[in-house]
Amino acid sequence: WGAHCANPLNYSRGKVYPLLGFDKIMFKDDFPSAEQYGKRWDATDESVYSVMCDEYEKMGDSPRLMYMLTIQNHGGWNLNDSVYDTVHVLNAEGEYTEEMNEYLTCIKNSDNAFKKLTEYFEKESRPVIIMMVGDHSPSFISDVCDPSKDNLRLLLCSTPFFIWSNWGMEAEDMGILGMTALMPQLLEKAGIPLSSYYQYIYELTEDVPVLTCYDVYYDKNEVMHYYTEDTEYKGLVDTYFSCEYENVKHQ
């Protein structure tokens, strides 16, 4: 089951989702009861999670995978009157203060919605594991960040992620991981056997946790390297690209 409460034409998701193997797909028109927060036009996390839970109830007893791409916190962040802001920055950020208040209010609403989602699934007798990961930082992030920070480029492209289960996994800090590394980590936490492709990524992550779609990667010490650079990790990274190519070619 895969869903996104937006137009299926965006990024050709209406064409791509079926190719990913979802048995059922839902887009904006399939969420007639979606709610908005104030004057913001995107569906709230809480309202789409409610639909997600309803769909879960229809899926029987077999194992299943559900993918929900939320949209509540999509920009812009100057759509609501300030009366809707429940979070306020302590230090004024100039022209971005109001945007930050609205953005952080949306994040707080996401926290509350996710709490309700986990409360729903923690009552399930079957094992449930959920990964939540951010898409990208807000557009104003580079204008309010501290330019003296180490690895600023990495920080600007980073968002939080976490993994939750209803069987009480031990809490741990998994550090900084690239998007490529997340699925093998999730499957390993769930006790699901890894394919050879995912097994290689899982092992690669110990030395190279972040591969980017740009021209750089980051090693286990968060040191940036160019893909063309001759380093101790180059062989590992080049092998990954060969595996990636073969994996895509045979889909």
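Residues numbered from 1 in each chain as written. Predicted model: local features only at pLDDT ≥ 70, side-chain atom pairs only at ≥ 80, totals over all residues. Heavy atoms only, no water.

(A) Seen up close, the packing of aromatic side chains. Applying the stated criterion across every chain, the model contains 17 aromatic pairs. Ring centres of Phe22 and Tyr67 lie 6.3 Å apart, and the angle between their planes is 20°; on these two criteria the pair is classed as stacked. Taken together, the positions of Phe22 in the loop between helix H1 (13-19) and strand E2 (25-26) and Tyr67 in strand E3 (residues 67-69) put the pair 45 residues apart, joining distant regions of the chain. Between Tyr103 and Phe140 the ring centres are 5.9 Å apart and the planes differ by 90°, which places this aromatic pair in the edge-to-face class. Of this pair, Tyr103 sits in helix H3 (residues 97-121) while Phe140 sits in the loop between strand E4 (129-133) and helix H4 (141-144), and the two are 37 residues apart along the sequence. Both residues of the pair, Tyr103 and Phe140, count as buried. Here the aromatic cluster, defined as three or more aromatic residues joined through ring pairs, consists of Tyr17, Phe22, Phe27 and Tyr67. (Phe/Tyr/Trp six-rings, centres within 6.5 Å; stacked < 30°, edge-to-face > 60°. Helix = DSSP H or I, 4+ residues; strand = E, 2+ residues; numbered from the N terminus. Buried < 20%, exposed > 50% of the residue type's maximum accessible area, 1.4 Å probe, protein only.)

(B) Expanded view of the side chain of Thr205. Within the secondary structure, Thr205 sits in the loop between helix H7 (196-204) and strand E6 (210-211). Once residues within four sequence positions are removed from consideration, Thr205 is found in contact with Leu177, Ala181 and Gln185. (Contact = heavy atoms within 4.5 Å.)

(C) Region of interest: the packing of helix H2 (residues 45-57) against H3. Look at H2 against H3: their axes get within 9 Å of each other, and the N-to-C directions meet at 15°. Looking at the two axes, H2 sits roughly parallel to H3. With respect to the hand of their crossing, H2 and H3 are arranged in right-handed fashion. Contacts between H2 and H3 involve Asp45, Glu46, Tyr49, Cys53, Tyr56 and Glu57 on the former and, on the latter, Ser110, Ala113, Phe114, Lys116, Leu117, Tyr120 and Phe121. Tallied by class, the residues present in the contact of H2 with H3 amount to eight nonpolar, one polar and four charged. (Axes fitted to C-alpha atoms, helices over the stretch in contact; angles between N-to-C directions. Parallel < 35°, antiparallel > 145°, perpendicular 65-115°, else oblique. Left-handed = near helix turned anticlockwise from the far one by under 90°. Nonpolar A, V, L, I, M, F, W, Y, C, P; charged D, E, K, R; others polar.)

(D) Up close: the sheet that holds E6. Judged by pairing direction, the sheet is antiparallel, and its three strands sit side by side in the order E6-E7-E8 without closing on themselves. The two strands at the open ends of the sheet, each matched to only one other strand, are E6 and strand E8 (224-226). As paired elements, E6 and strand E7 (residues 216-218) share two bridges and run antiparallel to each other. Each bridged residue has a counterpart across the sheet, and for Leu211 the counterpart in E7 is Tyr217. (Pairing = 2+ DSSP bridges.)

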